[in-house]
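Survey of secondary and tertiary structure
Listed here are the chains, written in short residue letters.
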Amino acid sequence: QVTHTRCNTSCDIGYEVVGSAVRICQPDGTWSGESAYCQPLRCPTLFPPINGYVQLPCTPLYDSECFVRCFGGFELVNGNGSVRCDLDENDKGIVQWTGYGICNSRTHVCGNNPCKHGGICSEAGDNEFTCDCTGTLYQGRTCEQGLVIVSEISVQTAFVPSVITISARPDEELIVDFNDVCRSIGAGQGIVPNECQQIRFTRTQTMIQIPIIPLGSGIFEFKI
């Protein structure tokens, strides 16, 4: 190169010159200053959100991506957990973190207990839940379908009295009418309650025992 020739080094947006941006050819044939190269701009320290943390490793250089996470019981809002070291909107000569979110208390889907009739709610993922209807006398996703449970009759001996238990827990009132059962049995067949009558279930009256008399020996199915 010709003595006193100047060479300038510049970098793309988002990068900065390391070394001598301007070098001059010396009379002895060497260049002044130091060799130059471009390196990405560095973002400021990425502080974790309140009730959260920065997932490591995290490189705070231009066009790099880092991730923030929330502690248990909190969820990220105003962001997806990904933050990027990007150019500042107002000054392209500096970089800032973008996409930063905050950690808020998680909305518990079981907080207001969507399970009806005393069902037990359990969280099953984001905004999902399951209901345990055991012992409620209800079934369904939210324990909304009422059940009428008849105890097992098993083997019966003719004309030997026995007892069946019927359980239900209605919201208001449930009436079970045995009259049609009695009429359909016919003379000397099947199994009948001692008294062909109506039985009434309420919120507080949830279990009723009924004496029955088998009119023959064998295994019977009792339908209501």
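Everything below is about the structure shown above.
Residues numbered from 1 in each chain as written. Predicted model: local features only at pLDDT ≥ 70, side-chain atom pairs only at ≥ 80, totals over all residues. Heavy atoms only, no water.

**Here's the deal with the packing of aromatic side chains**
Short version of the rule: Stacked, edge-to-face and tilted are the three classes for Phe, Tyr and Trp ring pairs, Trp counted by its six-membered ring, which pair at centre distances within 6.5 Å; planes under 30 degrees apart are stacked, over 60 edge-to-face, the rest tilted. For the purposes of this entry, the term helix denotes a DSSP run of H or I that reaches at least four residues, the term strand denotes a run of E that reaches at least two, and both are numbered from the N terminus. Per-residue accessibility, obtained with a 1.4 Å probe over protein chains only, is compared with the maximum for each type, and a residue is labelled buried under 20%, exposed over 50%, and partly exposed between these values. Here, a charge over a ring means that NZ of Lys or CZ of Arg falls within 6 Å of the ring centre while also lying within 35 degrees of the ring normal.
A complete count under the given rule lists 2 aromatic pairs for this structure. Centre to centre, the rings of Tyr 15 and Tyr 62 are 5.7 Å apart; their planes meet at 80°, and the pair counts as edge-to-face. Of this pair, Tyr 15 sits in strand 2 (residues 15-18) while Tyr 62 sits in the loop between strand 5 (52-55) and strand 6 (65-70), and the two are 47 residues apart along the sequence. Residue classification places Tyr 15 among the partly exposed positions, given a relative accessible area of 36%. A relative accessible area of 17% means that Tyr 62 is categorised as buried. Between the aromatic rings of Tyr 53 and Phe 71, the centroid separation amounts to 5.6 Å while the plane-to-plane angle is 25°, which identifies the pairing as stacked. One end of the pair, Tyr 53, is in strand 5; the other, Phe 71, is in the loop between strand 6 and strand 7 (74-77), with 18 residues separating them in the sequence. Here the guanidinium or amino end of Arg 141 rests over the ring plane of Phe 129, the centre of that ring lying 4.3 Å away.

**What about the state of the cysteines?**
The cut-off we apply is this: Two cysteine sulfur atoms make up a disulfide if the distance between them is within 2.5 Å.
Within this structure, the stated rule accounts for 7 disulfides. The partner cysteine of Cys 58 in its disulfide is Cys 66, sulfur to sulfur 2.0 Å. Linking Cys 58 and Cys 66, the disulfide has an S-S dihedral of approximately 95° and is accordingly described as right-handed. For Cys 66, a relative accessible area of 1% gives the class buried.

**Quick notes on the environment of Tyr 37**
Our working definition: Contacts are residue-level and defined by heavy atoms, with any inter-residue pair within 4.5 Å sufficient.
Tracing the sequence through the fold places Tyr 37 in strand 4 (residues 37-40). Assessed through its relative accessible area of 47%, Tyr 37 is described here as partly exposed. Along the primary structure Tyr 37 and Ser 10 are separated by 27 residues, whereas in three dimensions their C-alpha atoms are 8.7 Å apart. Filtering out sequence-adjacent residues up to four positions away, Tyr 37 remains in contact with Glu 16, Val 17 and Val 18.

**Observations regarding the pattern of salt bridges**
Which entries qualify depends on this criterion: When a carboxyl oxygen of Asp or Glu is within 4 Å of a side-chain nitrogen of Lys or Arg, the pair counts as a salt bridge.
One pass over the full model with this rule turns up 4 salt bridges. Between Glu 128 and Arg 141 there is a salt bridge; the shortest N-O distance is 3.9 Å. In this pair, Glu 128 sits in the loop between strand 11 (120-123) and strand 12 (129-132) while Arg 141 sits in the loop between strand 13 (138-139) and strand 14 (145-146), placing the two residues 13 residues apart along the sequence. Of the charged contacts, one joins Glu 172 and Arg 203 as a salt bridge, the two residues approaching to 3.0 Å between their closest N and O atoms. Separated by 31 residues along the polypeptide, Glu 172 in the loop between strand 17 (162-167) and strand 18 (173-177) and Arg 203 in the loop between strand 20 (198-202) and strand 21 (207-214) bring together distant segments of the chain. Summarising the burial analysis for this pair, Glu 172 and Arg 203 share the class exposed.

Just geometry here; none of it tells us what the structure is for.
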